[in-house]
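Letter by letter, the chains look like this.
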Amino acid sequence: MGVAPGAGAAPRTDATPGAGAAPDESTAPSAGAVPGADAAPAGDGAPVRNGAPAGGDVLDADDMVRRLVLGLERHGAQVRLVTADGGSLTESLKAASADAVRGLVALPETGAWAVDLVRAADELGLEAPLWWLTRGAVRVAPSEPAPSAPAALLWGLGRVAALEHPERWGGLVDLPERLDGRALTRLCRVLTGSTDEDQVAIRSAGALGRRLVRADAEPTESAENSTKNNAGNNAERLPWNPAGTTVLVTGGAEGVGVHIARWLAAEGAHHLVLTGDGSDPHGLAAELGASGVRVTVASCPLDDRDALARLLAEYPPDAIVHTEGVVEDRPVAGLPGGRYDDWVSGPLAGLTHLYELAETLELSAFVVFSSLTGMVGGVGQAVRAMTDAYGDALAGRRAARGLPVTSVAWGPWSTDALADRLRELGLGSLEPAEGIAVLRRTIGGGAEGTVLAAAIDWKRFGEVFTTARPSRLFDLLPEFADAREPGALGAPAGPRTVAPELREASGPERERMLLDVVRAHAAAVLGHASVEEVDGERGFLEMGFASLGAIELRDRLTAATGLTLPATVVYDCPTPVALAGYLSAELTATAGPGAGE
């Protein structure tokens, strides 16, 4: 197991060898760039005007764009500025990228606009690396302000985009408060890819790469420059005791919330207020009431601020445990235009209301359930990644004020519907008792940042996570380093590349061959011993494909067919038969008229 239950890991941004840039460095990027949403033709860069940097900037939006353009040009880039205020982003980028695009650099202001940028680049088939620049998304030292939740949301979204669109993703860069010449030099070095970093904070100390570290690890020499996303003043707190308290548990009548409610009751909580849709499918009110605990099951959507305020006034809590999470999810490309608000606005509003109203309460504990997806990304999980990154930043702001807060990013629990299927991807599951033990030690235990609690097989997880693109996020974890010994990682041996035979085959024969290829690779991803275990008519999601498994299957099929396939292909073609038909049509289209007939 990688990050053992209770051991956890916390993300931080460290100064790593090769990541920094010396003051006198002069590295000319071979690509241009675009602040706001930029496109860069070969040797050109095209800053797109749309986004203003996140709060607390010394420079306003116009000054920031001008400073970036001048800095990039000074380092050798030809920059083309694109204005996308109120117009079609796709058309603006198309006009700017008439020549070969060598780089896209954006300063997105909102998640909705960032989603549109990804879609525009996808529609235009732009393969230039896409970089997002933010301000205040991460905190690299106690002296810095707490992270900005809207900017942190962009990092959560970007981590999903990196997995879904590895062929065109550059990375995330958080800029310093003052963008001077030294910072611009470091930025240019990162944009060229010479640092091998794709999650970077540029500060006076250097260009700092984001890393996951064990929560029980000894501080390193660079720890003073590290980002503990939710660093707070928890070190002096005693372990939390819920005995005699009133506890609000959001989502407390279902899922993981049921186990939390039972634990709190066993620990002597006086009153449990369980929010959700008002139902009590597990009969907790009767079960826990029989032991003398008062239980209130309330219908209270968190995005209804007035309803939440009334609930808190009627049942003032001594502690809050927020377990309610995203029920349905979508890939980045599935959140265009108005659909973004449909999927994202509600969860974000709920988190904002909960945190703001909690500031009016005297709480002994405020516990937030986050996710592995929010910390590292996940294919098809854009909403969860954004919501959890946003919530982690809100927790960071609360911690920076010295208020009690504990944020735990969970891997699967054994009670999760997909627990068995995720195990095939290297993600083991925690038993409820193990999860509770982690929580008991973590609340008030002095851990800084969002702590990850998960049972991970690093060899298998590393194979899957790094199939699409390399990552240095786990470099400081000894378990991952051991798994990366020569021969330890790499794509599992699978069916041979058959692109030549596929292109020469006739239509029906090609589809039969492609179905065999799809089933064989699907079996390899799921860890099945035989291709016969993959039914051509059965849905991929029903088989267990989710998140990283979908990207691994996409990458295997890309290698096998020579086609460039979207990260969402498993979602777009829900069965092996449908996917084989899609691949056949794509091979015919790329081969030209008459091919494969």
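Further up the page is the structure itself.
These notes cover the structure that comes with them. Quick caveat: nothing in here was measured; it's all calculated off a predicted structure.

### Quick word on the overall build of the protein
Across its full length, the protein carries 21 helices and 20 strands. In the protein, which comprises 597 residues, the share counted as buried stands at 58%. Considering only residue pairs separated by 6 or more positions, the protein has 75% of its internal contacts joining residues 24 or more positions apart. Approximately 22700 Å² of the protein is accessible, and the part contributed by carbon and sulfur atoms is 49%.

### Observations concerning a negative patch on the surface
Taken together, the side chains of Asp-303, Asp-304, Asp-306 and Glu-324 present a region of like negative charge at the surface. For Asp-306, the location among the structural elements is in helix α8 (residues 305-314).

### Looking at the pattern of salt bridges
Charged atoms that come close allow side chains of opposite charge to pair. Inspection of the entire model under this criterion finds 19 salt bridges. With a closest N to O distance of 3.0 Å, Glu-267 and Arg-440 form a salt bridge. Placement of Glu-267 in the loop between α6 (256-266) and β13 (271-276) and of Arg-440 in helix α13 (residues 432-442) is noted, with a sequence separation of 173 residues between them.

### Digging into the pairing of strand β10 (residues 199-203)
Among the five residues in β10, five count as buried, and that is most of the element. Burial along β10 is two-sided: Gln-199, Ala-201 and Arg-203 and Val-200 and Ile-202, pointing in opposite directions, are all buried. Taken together, the three bridges between strand β9 (residues 169-175) and β10 define a ladder with parallel strand orientation. Paired with Leu-172 across the two strands is Gln-199, which belongs to β10. Here β10 pairs with strand β11 (residues 206-214) via four bridges, running antiparallel. Residue pairing in the sheet places Ala-201 in a bridge with Leu-208 of β11. Linking two consecutive strands that pair antiparallel, namely β10 and β11, is a turn of two residues.

Rules of the game
All residue numbers refer to position in the chain's written sequence, counted from 1. Predicted model: local features are reported for residues with pLDDT of at least 70 only, side-chain atom pairs are reported and counted for 80 or more only, and whole-chain, interface and lining totals are derived from all residues. The basis for every side-chain value is the complete set of non-hydrogen atoms in the structure, without hydrogens or water. Elements are defined by DSSP. Helices are runs of H or I of four residues or more, strands are runs of E of two residues or more, and each kind is numbered from the N terminus. Only protein chains enter the accessibility calculation, which uses a 1.4 Å probe. A residue is then buried if its area is under 20% of the maximum for its type, exposed if over 50%, and partly exposed in between. Here, two residues are considered to be in contact whenever any of their heavy atoms come within 4.5 Å of each other. Surface accessibility follows the Shrake-Rupley procedure with a 1.4 Å probe radius. Residue values consider only the protein chains on display as shielding. Nonpolar side chains (Val, Leu, Ile, Met, Phe, Trp, Tyr) within 5 Å and like charges within 9 Å form the patches, drawn only from residues with over 30% relative accessible area and no salt bridge. A pair is scored as a salt bridge if a Lys or Arg side-chain nitrogen falls within 4 Å of a carboxyl oxygen belonging to Asp or Glu. In this tally Asp and Glu are treated as negative and Lys and Arg as positive; neither His nor the chain ends contributes. Charge positions are represented by NZ for Lys, CZ for Arg, CG for Asp and CD for Glu. Two strands pair under a simple rule: DSSP has to find at least two bridges between them.

None of this, on its own, says anything about what the molecule does.
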